[in-house]
Amino acid sequence: EPEVTQTPSHQVTQMGQEVILRCVPISNHLYFYWYRQILGQKVEFLVSFYNNEISEKSEIFDDQFSVERPDGSNFTLKIRSTKLEDSAMYFCASNGQGPGELFFGEGSRLTVL
Amino acid sequence: SQQGEEDPQALSIQEGENATMNCSYKTSINNLQWYRQNSGRGLVHLILIRSNEREKHSGRLRVTLDTSKKSSSLLITASRAADTASYFCATAGGGSNYKLTFGKGTLLTVNP
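An account of the accompanying structure is given in this report. (Residues numbered from 1 in each chain as written. Chains lettered and ligands numbered in written order. Predicted model: local features only at pLDDT ≥ 70, side-chain atom pairs only at ≥ 80, totals over all residues. Heavy atoms only, no water.)

Comments concerning the state of the cysteines
All names here are of chain A. Threshold: Here, a disulfide means two cysteine sulfur atoms that sit within 2.5 Å of each other. Secondary structure elements follow DSSP: runs of H or I of four or more residues count as helices, runs of E of two or more count as strands, with numbering from the N terminus. Summary of the burial criterion: residues with accessible area below 20% of their type's maximum are buried, those above 50% are exposed, and those between are partly exposed, where the area comes from a 1.4 Å probe applied to protein chains only.
Applying the stated criterion across every chain, the model contains 2 disulfides over all chains. Linked covalently through their sulfurs, Cys23 and Cys92 form a disulfide whose S-S length is 1.9 Å. Looking along the S-S bond of the Cys23-Cys92 disulfide, the torsion reads about -65 degrees, which is the left-handed sense. Residue Cys23 is located in strand 3 (residues 19-24), and its partner Cys92 is located in strand 9 (residues 88-95); the two are separated by 69 residues in the primary sequence. Grouping residues by exposure puts Cys23 and Cys92 together as buried.

Here is the structure:
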């Protein structure tokens, strides 16, 4: 069964460093998303991406964040200068239509020291 | 208050019993979805109910939606130890075409 894959599964970084989280969405999906979950808290929407551009973003998704689909398969989230409060589990998701069922990856745990 | 609030926050039952979790929301919705998350893992979609639907079934799952009360319930019948997980409701709509707004979740523990 097709699945969303994410790498790395866990990344530890120093405050101020740049981080890139990678995702391979399901191949025939058109909509791509990043969500995050701070330990013990809600899953929060960061950004949606469709037709090679951001379709919607949350207040969390400030200038320190960017997304890219560099080729036909990868979808990346970059955090330019990490802060302690960026420590969270980051989930990539994809689907074939905007407001429908989302298919999530297993997540990338980011720890900022 | 937040969109998509589940109750109870935690529920502990014995195997074979039914588990009911509730979700309330604030804004208008296009659909409401339920997801499951095992500890430290990704979210798995369980069921989607559209705003014009009132009830939906999938295997041992039954979801209801009351748009007048802005609430939904998830019933898991004949629970199993493997159903132990966190369950989240998530709403689509409220002026957004893409974003899902998740609740805080219900931690379900099914004791063998």
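Structure's up, so let's keep going.
Focus on the nonpolar core
Inclusion rule: The nonpolar core is taken to be a set of buried Ala, Val, Leu, Ile, Met, Phe, Trp, Tyr and Cys residues, with the residues joined through side-chain atoms within 4.5 Å. A contact between two residues is defined here by any heavy atoms of the two lying within 4.5 Å.
A:Trp34, A:Leu46, A:Phe61, A:Val67, A:Phe75, A:Leu77 and A:Tyr90 are the most contacted members of the largest nonpolar core, which totals 21 residues. If you list the elements that add at least two residues to this core, you get strand 3, strand 4 (31-37), strand 5 (43-50), strand 7 (65-68), strand 8 (75-79), strand 9 and strand 11 (108-112) of chain A. Once residues lying within four places of it in the same chain are set aside, the contact partners of A:Tyr90 are A:Gln6, A:Leu21, A:Trp34, A:Tyr35, A:Arg36, A:Leu46, A:Phe65, A:Leu77, A:Ile79, A:Gly107, A:Ser108 and A:Leu110. Core analysis: the next-biggest nonpolar cluster, separate from the first, contains 20 residues, B:Ile29, B:Tyr87, B:Cys89 and B:Val110 among them.

Some thoughts on the layout of surface pockets
This is how the line gets drawn: A 1.4 Å probe that fits into a set of points on a 1 Å grid over the protein atoms alone but cannot get out defines a cavity; an open set with protein on both sides within 12 Å along at least five of seven lines defines a pocket, and lining residues are those with an atom within 4 Å of a point. Grid points are joined across faces, edges and corners, and a volume is the space filled by probe spheres set on the points. In this count, Pro and Cys sit with the nonpolar residues alongside Ala, Val, Leu, Ile, Met, Phe, Trp and Tyr, while Asp, Glu, Lys and Arg are called charged and the others, Gly among them, polar.
Each pocket or cavity is described by its volume, and for the largest pocket that value is around 530 Å³. Along the walls of the largest pocket sit 23 residues, with A:Gln37, A:Gly40, B:Gln37, B:Ser86 and B:Phe88 positioned nearest its centre. Contributing elements (two or more residues each) for the lining of the largest pocket: strand 9 of chain A together with strand 9 (85-93) and strand 11 (106-111) of chain B. Surrounding the second largest pocket, 17 residues form its lining, A:Glu3, A:Phe104, A:Glu106, B:Leu43 and B:Val44 being those nearest its centre. Mapped onto the lining of the second largest pocket, the elements with two or more residues apiece are strand 1 (5-7) and strand 10 (103-104) of chain A together with strand 5 (43-50) of chain B. Sort the elements by how many residues they give to the lining of the second largest pocket and strand 5 of chain B lands first, with 3 residues. Split into classes, the residues belonging to the lining of the second largest pocket amount to 8 nonpolar, 5 polar and 4 charged.

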